[in-house]
Amino acid sequence: MKQKKPDWVIQKERDRRAAAAETVWLFGIHAVRDALSNPMRERLRLVVTKNAADRLAEDIAKSGMTPEISDPRKFAAPIDPQSVHQGAALEVKPLDWGNLTELCAPRGQNSRVILLDRVTDPHNVGAILRSAEVFGARAVIAPHRHSAPETGALAKTASGSLERQPYLRIRNLATTMEALREMGYLMVGLDATGETTLGDLETDQPIALVMGAEGPGLRDKTKETCDTLVRVDPANEFASLNVSNAAAVSLYAVGRPS
């Protein structure tokens, strides 16, 4: 008699099949160009207008893809008609950046990562990826649930950074924070209740900046898992930064990697 698989095993296999079947439509000249040039990308279908095909001619040739030329008035890619696609859309599989240990192993005391707690706006995450690339963060990390997935809107805001800056989706934020702590990272939560300011932070350790969504901020469990909470003091008591601006300021404040 064949033994029945446990429910958790069945669900895990379903999740794996769903992830393998998932595809993303990237759009916009910059996002499509960088994805065409990324050897890590699994590319499936390219839809372009004649004008976009001319602008991307060299990148298309290097990618080896055969584009579908589409009428700009009836653009054939299945994306939101309101999307600013600039006549270019590319269907791809989500990027696989590998595992946490290999990706975030510290390389010197100035290693930096960003962890996002319930940041669901793709425009914020895209902007954070751009800042993370500029300041040399090892990765931007977010849970699969209650965070922005890899989408065309996120890729367009990232303006190419999605293809170069690791964006790692994990199952559990607190567990990942504990794993990073074991690797030598100091867990620094950005929170208005922090006893010290970001500028007062002094450490020789690798730093993991933990950031929450605007409004709700960090969850209680996330705060408890942090080693310290710090704040960014505004000049005006009513002023505040959105999470993407706070990420850029924080990365700059804790210094560039050596």
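Before reading further, recall that the structure is shown in the block above.
None of the values given here were measured: they were computed from a predicted structure.

Peer 1: Kindly report on the pairing of strand β11 (residues 228-231), identifying the contributing residues and their values.
Peer 2: As paired strands, strand β8 (residues 186-190) and β11 are joined by three bridges and run parallel to one another. Bridge pairing in β11 places Leu-190 opposite Val-230. Where strand β9 (residues 196-197) meets β11, two bridges bridge the pair, whose relative direction is parallel. By the bridge assignment for β11, Thr-196 is matched with Val-230.

Peer 1: How would you summarise the sheet that holds strand β7 (residues 167-170) if you had to cite specific residues and measurements?
Peer 2: Judged by pairing direction, the sheet is parallel, and its seven strands sit side by side in the order β7-β6-β5-β10-β8-β11-β9 without closing on themselves. Among the strands making up the open sheet, the edge pair consists of β7 and β9. In the sheet, β8 pairs with strand β10 (residues 207-212) via four bridges, with the strands oriented parallel. Counted as the bridge partner of Val-188 is Leu-209 from β10. Seen against the sheet, helix α8 (residues 173-182) touches β5 (112-117), β6 (139-143), β7, β8 and β10 and runs at an angle of roughly 165 degrees to β5. Contacts from helix α10 (residues 243-253) reach β5, β8 and β10, with the element oriented near 160 degrees to β10.

Peer 1: Go over the pattern of salt bridges with me, naming the residues and quoting the values.
Peer 2: Inspection of the entire model under this criterion finds 14 salt bridges. The salt bridge partner of Asp-59 is Arg-33, with a shortest N-O separation of 3.3 Å. Here Asp-59 is found in helix α4 (residues 57-63), whereas its partner Arg-33 is found in helix α2 (residues 29-36), with 26 residues between them in sequence. Classification of Asp-59 by relative accessible area gives buried; the value is 15%. Two residues, Glu-58 and Lys-62, come together in a salt bridge whose shortest N-O distance is 3.2 Å. Of the two residues, Glu-58 and Lys-62 both sit in helix α4, four residues apart, roughly one turn of that helix.

Peer 1: Got a sec to walk through the packing of aromatic side chains? Specific residues and values, please.
Peer 2: Enumeration according to the criterion identifies one aromatic pair in this entry. With a centroid separation of 6.1 Å and 70 degrees between ring planes, the pair formed by Phe-135 and Tyr-252 is classed as edge-to-face. Here Tyr-252 lies in helix α10 and Phe-135 lies in the loop between α6 (122-134) and β6, a separation of 117 residues in the sequence.

Peer 1: An account of the nonpolar core is needed here, citing residue identities and associated values.
Peer 2: In terms of nonpolar packing, the biggest core is built from 47 residues, with Leu-116 and Tyr-167 touching the most fellow members. Of all the elements, α2 adds the most residues to this core, at five residues. Counting residues domain by domain, this core receives three or more from each of domain 1 (7-92) and domain 2 (100-254). The residues touching Tyr-167, leaving out its near neighbours within four places in the chain, are Trp-97, Val-125, Leu-129, Val-140, Ala-142, Ser-147, Ala-148, Leu-154 and Leu-162. Counting residues in hydrophobic clusters, the runner-up holds 21 residues, among them Leu-103, Cys-104, Met-177 and Leu-229.

Peer 1: An account of the pairing of β7 is needed here, citing residue identities and associated values.
Peer 2: Bridge count between β6 and β7: four bridges; the pairing is parallel. Bridging across to β7, Ile-141 finds its partner in Leu-168.

Peer 1: Describe unusual backbone geometry, with residues and values.
Peer 2: Of all residues except glycine, most have a negative phi; of all peptide bonds, most are trans. If you check the backbone angles, Arg-118 has positive phi at about 65 degrees while not being a glycine. Mapped onto the fold, Arg-118 is located in the loop between β5 and α6. A positive phi angle, close to 60 degrees, is found at His-146, a residue other than glycine. Checked against the element boundaries, His-146 lands in the loop between β6 and α7 (152-158).

Peer 1: Please provide a residue-by-residue account of the side chain of Ser-111, values included.
Peer 2: Of note, Ser-111 is situated in the loop between α5 (100-104) and β5. On the basis of relative accessible area, Ser-111 is assigned to the buried category, the value being 3%.

Peer 1: Give me the lowdown on the sheet that holds strand β4 (residues 88-92), citing residues and values where you can.
Peer 2: With respect to topology, four strands assemble into an open sheet ordered β1-β4-β2-β3, the strand pairing being mixed. Each of the sheet's edge strands pairs with one partner strand only, and the pair in question is β1 (24-27) and β3 (68-69). Across five bridges, strand β2 (residues 43-48) lies against β4 in antiparallel orientation. Residue Val-47 lies in a different strand from β4, and its bridge partner there is Ala-89. This element, α2, spans β1, β2 and β4 of the sheet and lies at about 45 degrees to β4.

The rules behind each value
Residues numbered from 1 in each chain as written. Predicted model: local features only at pLDDT ≥ 70, side-chain atom pairs only at ≥ 80, totals over all residues. Heavy atoms only, no water. Pairing = 2+ DSSP bridges. Helix = DSSP H or I, 4+ residues; strand = E, 2+ residues; numbered from the N terminus. Contact = heavy atoms within 4.5 Å. Axes fitted to C-alpha atoms, helices over the stretch in contact; angles between N-to-C directions. Salt bridge = Lys/Arg side-chain N within 4 Å of Asp/Glu carboxyl O. Buried < 20%, exposed > 50% of the residue type's maximum accessible area, 1.4 Å probe, protein only. Phe/Tyr/Trp six-rings, centres within 6.5 Å; stacked < 30°, edge-to-face > 60°. Core = buried A, V, L, I, M, F, W, Y, C linked by side-chain atoms within 4.5 Å. Domains from an automatic or database assignment.

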